[in-house]
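Descriptive structure summary
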Amino acid sequence: MKDDRTPRDIAIDDQLRAAGAEGADWLMASGWGAPVTIPVQKAARWQREARARMLAAEASDTWTFCKHLCAGGPQPVVVHAETPERMLCRACSIAERATRPCLICGKPAASESPADGREDVIMGPVAIYTRLRCATCYRADPLHGTFAGSGF
Ligand SMILES: [Zn+2]
Ligand SMILES: [Zn+2]
């Protein structure tokens, strides 16, 4: 880490460190159940791809943060698998849930709550990754990649 970090860089570092500390509590409280943390090598392919794209966006400084993450102190960061170059706060992630697409087919996922099981949530070392699937794609492959709440 270089010493010429900008205030924005430092804020981002704080965000990423805070993700692990608060994220687990939030996932429990939001209905996803206990978060699952797995080594990157064993992560589902969708999560590895989201992570790779997120890191590429970081390297090229093309990633974006919702305005809440840039103000109000460190808090967990949420990464949506369909748009991993965008970092979101928890409230923005929840607000977008209704309009997120299915990661498999790109159609509206139309998932209304974590209770339907079609959102997979994985806690990475620095961010919470989630993907949504539509009912059709979920039924076609209900277990593959579904870690939260599945006992995996
Ligand atoms: Zn936000
Ligand atoms: Zn689908």
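Residues numbered from 1 in each chain as written. Chains lettered and ligands numbered in written order. Predicted model: local features only at pLDDT ≥ 70, side-chain atom pairs only at ≥ 80, totals over all residues.

Each regular strand carries side chains that alternate between the two faces of the sheet. When you tally the buried positions in strand 4 (residues 119-123), you get five out of five residues, the bulk of the element. Side chains Glu 119, Val 121 and Met 123 of strand 4 all project onto a buried face; the interleaved residues Asp 120 and Ile 122 project onto the opposite face, where all are buried too. Judged from the five bridges that link them, strand 4 and strand 5 (residues 128-132) form a sheet pairing that is antiparallel. Among the inter-strand pairings, Asp 120 is bridged to a residue of strand 5, identified as Arg 131. (Buried ≥ 20, exposed ≤ 12 C-beta atoms within 10 Å, placed from the backbone. Helix = DSSP H or I, 4+ residues; strand = E, 2+ residues; numbered from the N terminus. Pairing = 2+ DSSP bridges.)

Another aspect to go through is the nonpolar core. Ranked by size, the top nonpolar core spans 25 residues in total, and within it Ala 50, Val 77, Val 78, Val 79, Ala 127, Ile 128 and Tyr 129 carry the most contacts. The contact partners of Tyr 129, leaving out residues within four places of it in the chain, are Gln 47, Ala 50, Val 79, Ala 81, Ile 122 and Gly 124. (Core = buried A, V, L, I, M, F, W, Y, C linked by C-beta atoms within 7 Å. Contact = placed C-beta atoms within 7 Å.)

All right, on to the environment of Arg 139 then. Summarising the element assignment, Arg 139 is placed in helix 4 (residues 135-140). Between the alpha carbons of Arg 139 and Arg 118 there is a distance of 9.2 Å; along the sequence they are 21 residues apart.

It is worth spelling out the sheet that holds strand 5 at this point. Spatially, the five strands line up as an open sheet ordered 1-3-2-5-4, and their pairing is mixed. Strand pairing shows two members of the sheet lacking a second neighbour, strand 1 (64-65) and strand 4, which therefore form its edges. Sitting on the sheet, helix 2 (residues 45-59) is in contact with strand 2 (78-80), strand 4 and strand 5, with an inclination near 120 degrees to strand 5. (Axes fitted to C-alpha atoms, helices over the stretch in contact; angles between N-to-C directions.)

We now examine the confidence of the model for the protein chain. Counting all residues, the mean pLDDT for the protein chain is 77, and 65% of those residues have values of 70 or more. Summarising per-element confidence for the protein chain, the mean pLDDT is lowest in helix 1 (residues 7-29) (64) and highest in strand 2 (93). (pLDDT = per-residue confidence, 0-100.)

Moving on, we come to the pairing of strand 5. Of all five residues in strand 5, five are buried; the element is thus mostly enclosed. Side chains Ile 128, Thr 130 and Leu 132 project from strand 5 onto one buried face, and the interleaved Tyr 129 and Arg 131 project onto a second face that is buried too. Direction of pairing for strand 2 relative to strand 5: parallel, over a ladder of three bridges. If you follow His 80 over to strand 5, its bridge partner there is Thr 130.

This part covers unusual backbone geometry. You will see that Asp 61, though not glycine, has its phi angle at about 55 degrees, which is positive. Relative to the elements of secondary structure, Asp 61 occurs in the loop between helix 2 and strand 1. We note that Ala 110 has phi near 55 degrees; this positive angle belongs to a residue other than glycine. Examined against the element boundaries, Ala 110 turns out to sit in the loop between helix 3 (90-96) and strand 4.

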